[in-house]
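Commentary on secondary and tertiary structure
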Amino acid sequence: MLSNFINKTGKMWVEGDAVYYMYQLDTFLTSFGAWFNTLINPLINSFLTYGTIFLEASALFLILSPIYTKWTRRIAFICFCCFHIMIGLSVSIGLFSWIMIAALILLLGKHDVSFLKRLLKRVNNHVNVGLRKEHILVKKNQDLKRVKRDRKSTRLNSSHRCISYAVFCLKK
């Protein structure tokens, strides 16, 4: 990140046009990037270009800060995740952005990772509830007795750990 900051000395970066030129690369631009390109005016372009320079310059401080380490790393995680999500959605450069986001998780502490797990479980449960509702609608034409019996067996297996999976399978 620091090396990225040091290398941002070209004319495009100094004049604040680097983001504009990135969005002119039709070869790499995604459909989201093409749409976002229509929103960029000179003010937004300068803000995004200088914001990128500022973010990359502050990365070293945010990650290695001896004071408020937990909070500075959280700020770095959120800022760089947003940064890489935007890059990943705007330009087609393979898995770079998504790998960077995965690597950024190393900045987080144990409590932060636990929080993210709980958050993802909530999101997953909401998605699963929607999928279950659709599944139930599809199953309405099938035999409901069989479905209820299978659910009861599954519930018994998951609530009583002393019953092995093999015994559960034999009961079916």
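In this report, the structure presented in the accompanying data block is examined. (Residues numbered from 1 in each chain as written. Predicted model: local features only at pLDDT ≥ 70, side-chain atom pairs only at ≥ 80, totals over all residues. Heavy atoms only, no water.)

**A look at the overall build of the protein**
For the protein, the count of helices and strands is 10 helices and zero strands. Element order for the protein, N to C, with α for helix and β for strand: α-α-α-α-α-α-α-α-α-α. Sequence separation of at least 24 residues holds for 60% of the intrachain contacts in the protein that already meet a minimum separation of 6. Accessible surface for the protein amounts to roughly 13100 Å². Of this, 67% is attributable to carbon and sulfur atoms. (Helix = DSSP H or I, 4+ residues; strand = E, 2+ residues; numbered from the N terminus. Contact = heavy atoms within 4.5 Å. Areas by Shrake-Rupley, 256 points an atom, 1.4 Å probe, with all protein chains shown as cover.)

**A closer look at the packing of helix 6 (residues 69-90) against helix 7 (residues 96-104)**
The contact between helix 6 and helix 7 brings their axes to 8 Å, and the two run at 165 degrees. One element, helix 6, and the other, helix 7, form an angle in the roughly antiparallel class. Crossing geometry of helix 6 relative to helix 7 is assigned as left-handed. On helix 7, the residues that touch Phe 77, Phe 80, Cys 81, His 84, Ile 85, Ile 87, Gly 88 and Leu 89 of helix 6 are Phe 96, Ser 97, Trp 98, Met 100, Ile 101 and Leu 104. Across the contact of helix 6 with helix 7, the residue classes break down as 11 nonpolar, three polar and no charged. (Axes fitted to C-alpha atoms, helices over the stretch in contact; angles between N-to-C directions. Parallel < 35°, antiparallel > 145°, perpendicular 65-115°, else oblique. Left-handed = near helix turned anticlockwise from the far one by under 90°. Nonpolar A, V, L, I, M, F, W, Y, C, P; charged D, E, K, R; others polar.)

**Remarks on the nonpolar core**
Grouped together as the largest cluster of nonpolar side chains are 20 residues, with contacts concentrated most on Tyr 23, Ala 76, Phe 80 and Leu 104. Among the secondary structure elements, those contributing two or more residues to this core are helix 5 (42-64), helix 6 and helix 7. In terms of residues, this core owes the most to one element, helix 6, which gives six residues. (Core = buried A, V, L, I, M, F, W, Y, C linked by side-chain atoms within 4.5 Å. Buried < 20%, exposed > 50% of the residue type's maximum accessible area, 1.4 Å probe, protein only.)

**A word on the packing of aromatic side chains**
One pass over the structure, following the stated rule, counts five aromatic pairs. Between the aromatic rings of Phe 32 and Trp 35, the centroid separation amounts to 5.6 Å while the plane-to-plane angle is 45 degrees, which identifies the pairing as tilted. You can see Phe 32 and its partner Trp 35 sitting in helix 4 (residues 31-39), three residues apart, about one turn around the helix. Residue class for Phe 32 comes out partly exposed when judged on its relative accessible area of 29%. For Trp 35, a relative accessible area of 49% gives the class partly exposed. With 6.3 Å between their ring centres and 85 degrees between their planes, Phe 80 and Phe 83 make a pair best called edge-to-face. One end of the pair, Phe 80, and the other, Phe 83, are both in helix 6, three residues apart, so they sit about a helical turn from each other. The class for Phe 83 is buried, based on a relative accessible area of 19%. Pairwise contacts between aromatic rings join Tyr 23, Phe 32, Trp 35 and Phe 36 into one cluster. Between Arg 74 and the ring centre of Trp 71, over which it is positioned, the NZ or CZ distance is 4.4 Å. (Phe/Tyr/Trp six-rings, centres within 6.5 Å; stacked < 30°, edge-to-face > 60°. Lys NZ or Arg CZ within 6 Å of the ring centre and 35° of its normal.)

**Digging into the packing of helix 5 against helix 6**
Orientation of helix 5 relative to helix 6, taken along the N-to-C sense of each, is 150 degrees, at an axis distance of 9 Å. In terms of their interaxial angle, helix 5 and helix 6 are classed as roughly antiparallel. Relative to helix 6, helix 5 is oriented so that their crossing is left-handed. Between helix 5, through Thr 52, Leu 55, Glu 56, Ala 59, Leu 62 and Ile 63, and helix 6, the contact on the second element is made entirely by Thr 72, Arg 73, Ile 75, Ala 76, Cys 79, Phe 80 and Phe 83. Here the residues of the contact of helix 5 with helix 6 sort into nine nonpolar, two polar and two charged.

**Quick notes on the side chain of Asn 45**
Within the secondary structure, Asn 45 sits in helix 5. In this structure Asn 45 comes out as buried when scored by relative accessible area, which is 4%. In terms of polar contacts, Asn 45 uses its side chain to reach the backbone amide nitrogen of Tyr 20, at 2.7 Å. (Polar contact = N/O pair within 3.5 Å; in protein donor to acceptor, adjacent residues only side chain to side chain.)

Limitation: the analysis is restricted to geometry and does not speak to function.
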